[in-house]
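Structural overview
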Amino acid sequence: MTSVDLPSPEYRQTAIPSREEVKFYQVGSFAVGNRLVDGQYQSVQSGPNRFNSLTSGHRACQGCGEALGARYALDAAMAATDNHVVAINATGCLEVFSTPYPETSWNLPWMHSLFGNTAAVATGAAAGLKAMGKSDVRVVAQGGDGGTVDIGFGPLSGMFERNDDVLYICYDNEAYMNTGVQRSGATPPTARTSTTQPVGPEPGNTWGQGKDLPRIAMAHEIPYVATATVADLRDLEYKVTKAMGMHGARYIHIFVPCPLGWGTASGVTVKVARLATQTGLFPVYEAEYGEITSVSKIRRPAPVEDYLRLQRRFAHLFKKGADPEVIRRIQEMADRNIRSYDLIDDESLDEFVKYEGDES
């Protein structure tokens, strides 16, 4: 490992609650550094001595949300444990673009597992470290939605049931991007993939399929479950730091847009992720032992069209002759999330209604 100066334990203890105390972002801002704020509130990524767990030289696409999410998450985990982290990585985009033989872009102990057994391998690594008396070395497992929601679902559920001391991170780009953009159990309704073409009376992915894995994780009543996006660095780091301060099975589901598979411009990855939360399509929250403990409120609600129009995988919804009922159903999904997770307070709702009136 590379020797670097990391934040002191005192800094980390102070940093965790600051997510609620300081607002770093304005809507439409591209700022990520936070270098001008007081030291105790700075993000891990803004520090010149951040670990760079996933360093330069990898082969991810321009604007890859998964590369951002992995770097943010692993750097936060390293900072929270004084560099004592072992990463177990499922087969998939993250593994392929970061470790083209004989090269690697990882700066920490890293192990490649099969597509479907990442949670099992991580469980074995945690048990082995415990047997060796290395209780200070923590295990982080990571995989895409294909290796998590589908292929690795059984071992992951077993890890949750046994309450193994592993943090599992899913980088959700909503399809099997590495093998040709095939549908996964996380692909949203109507989305175009190579296996859900925009043809027929109900084009794109079928309604009523897939899994809400954060809720399934909550049903196991494990110590910690959270969702996050690459659009809110501070929130993501806060949740990884909190998870690394706990023991037992923990799960973080990170929303990571994919320019290649979604058909978005490489420069709007963060914008797309932000719109996913501001529309209500991707609720951001925390849960402990099966109960939601906090939600990230929507600051400025947006209609789902703002999110869908940026992505070619939904282009068929806006073509001449497209059924407007489909977009209405997607809006209903977002509205249901807003109600279920209480994502909008009255003040924000009033501002949105006024904004909509001004636009008209």
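Sequence order sets the numbering: in each chain, residues are counted from 1 along the sequence as written. For a predicted model such as this one, the threshold for reporting local features is a pLDDT of at least 70, and the threshold for listing and counting side-chain atom pairs is 80 or more; totals across whole chains, interfaces and linings nevertheless cover every residue. Remark: hydrogens and water are excluded; side-chain values derive from all non-hydrogen atoms of the structure.

The name given to the protein in an unreviewed UniProt entry is Pyruvate synthase subunit PorB, with the source organism recorded as Trueperella bernardiae.

Looking now at the overall build of the protein. Helix and strand definitions follow DSSP, with helices as H or I runs of at least four residues and strands as E runs of at least two, each counted in order from the N terminus. A tally of helices and strands in the protein yields 14 helices and 8 strands. For the protein, the accessible surface area stands at approximately 16200 Å², while carbon and sulfur atoms represent 52% of it. All accessibility values rest on the Shrake-Rupley procedure with a 1.4 Å probe; residue burial counts only the protein chains present in the view.

Take empty space enclosed by the protein next. Put plainly, a pocket is an open set of points on a 1 Å grid over the protein atoms alone with protein on both sides within 12 Å along at least five of seven lines, a cavity is a set where a 1.4 Å probe fits but cannot get out, and a lining residue has an atom within 4 Å of a point. Grid points are joined across faces, edges and corners, and a volume is the space filled by probe spheres set on the points. The final tally for this structure, using the stated rule, is 2 cavities of 30 Å³ or more. Within this model, the largest cavity holds a volume of roughly 160 Å³. Together, 20 residues line the largest cavity, and Thr-91, Gly-92, Cys-93, Phe-115 and Gly-144 are the ones closest to its centre. Gly is placed with the polar residues, together with every amino acid not listed as nonpolar (Ala, Val, Leu, Ile, Met, Phe, Trp, Tyr, Cys and Pro) or charged (Asp, Glu, Lys and Arg). Considering only residue class, the lining of the largest cavity consists of 7 nonpolar, 10 polar and 3 charged.

As a volume, the largest pocket reaches approximately 830 Å³. Contributing to the lining of the largest pocket are 34 residues, with Lys-211, Asp-212, Leu-281, Met-333 and Asn-337 lying nearest its centre. At the level of elements, α8 (213-219), β6 (250-255), α12 (304-308) and α13 (324-341) are the ones that each hand at least two residues to the lining of the largest pocket. Of all the elements, α13 adds the most residues to the lining of the largest pocket, at 6 residues. Among the residues making up the lining of the largest pocket, the classes are represented as 19 nonpolar, 9 polar and 6 charged.

To continue, consider the packing of aromatic side chains. To pair, rings of Phe, Tyr and Trp, with the six-membered ring standing in for Trp, must have centres within 6.5 Å; the planes then decide the type, stacked if under 30 degrees apart, edge-to-face if over 60, and tilted in the middle. The final tally for this structure, using the stated rule, is 7 aromatic pairs. When the ring of Trp-106 is compared with that of Trp-110, the centres are 6.0 Å apart and the planes differ by 15°; the resulting orientation is stacked. Residue classification places Trp-110 among the partly exposed residues on the basis of a relative accessible area of 23%. Here a set of aromatic residues connected by ring pairs shows up, and it is made of Phe-160, Tyr-168 and Tyr-251. Both a distance and an angle decide whether a charge sits over a ring: NZ of Lys or CZ of Arg must be within 6 Å of the ring centre and within 35 degrees of the ring normal. Directly above the aromatic system of Phe-153 lies the positively charged group of Lys-211, at a separation of 5.6 Å from the ring centroid. Against the face of Trp-207 rests Arg-329, its NZ or CZ located 3.9 Å from the ring centre. Relative accessibility decides the category of a residue: with a 1.4 Å probe and only protein chains considered, values under 20% of the type maximum give buried, values over 50% give exposed, and everything between is partly exposed.

Let's shift gears to the side chain of Thr-196. Topologically, Thr-196 is positioned in the loop between β4 (167-172) and α8. You can call Thr-196 buried: its relative accessible area is 8%. A polar contact of 3.0 Å, which involves the side chain of Thr-196, links it to the backbone oxygen of Ala-191. Apart from the residues lying within four places of it in its own chain, the contact partners of Thr-196 are Arg-183, Ala-191, Gly-204 and Asn-205. In protein, a polar contact means a hydrogen-donor-capable atom and an acceptor-capable atom, both N or O and within 3.5 Å, with residues adjacent in sequence counting only if both atoms are side-chain atoms; elsewhere, any N or O pair within 3.5 Å suffices. Any two residues having at least one pair of non-hydrogen atoms within 4.5 Å are treated as being in contact.

Here the focus is the sheet that holds strand β5 (residues 224-229). In this scheme, strands are said to pair when DSSP sees at least two bridges between them. If you walk across this open sheet you meet the 8 strands as β2-β1-β3-β4-β6-β5-β7-β8, and the pairing is mixed. One side of each edge strand has no neighbouring strand; the edge strands of this open sheet are β2 (110-112) and β8 (291-295). For this sheet, the mean angle separating the axes of adjacent strands, direction not counted, is 20°. Pairing analysis gives 6 bridges linking β4 to β6, with the strands arranged parallel. Across the sheet, the residue bridging to Leu-167 is Arg-250, located in β6. Axes here mean lines fitted to C-alpha atoms, for a helix over just the part in contact, with angles spanning 0 to 180 degrees between N-to-C directions.

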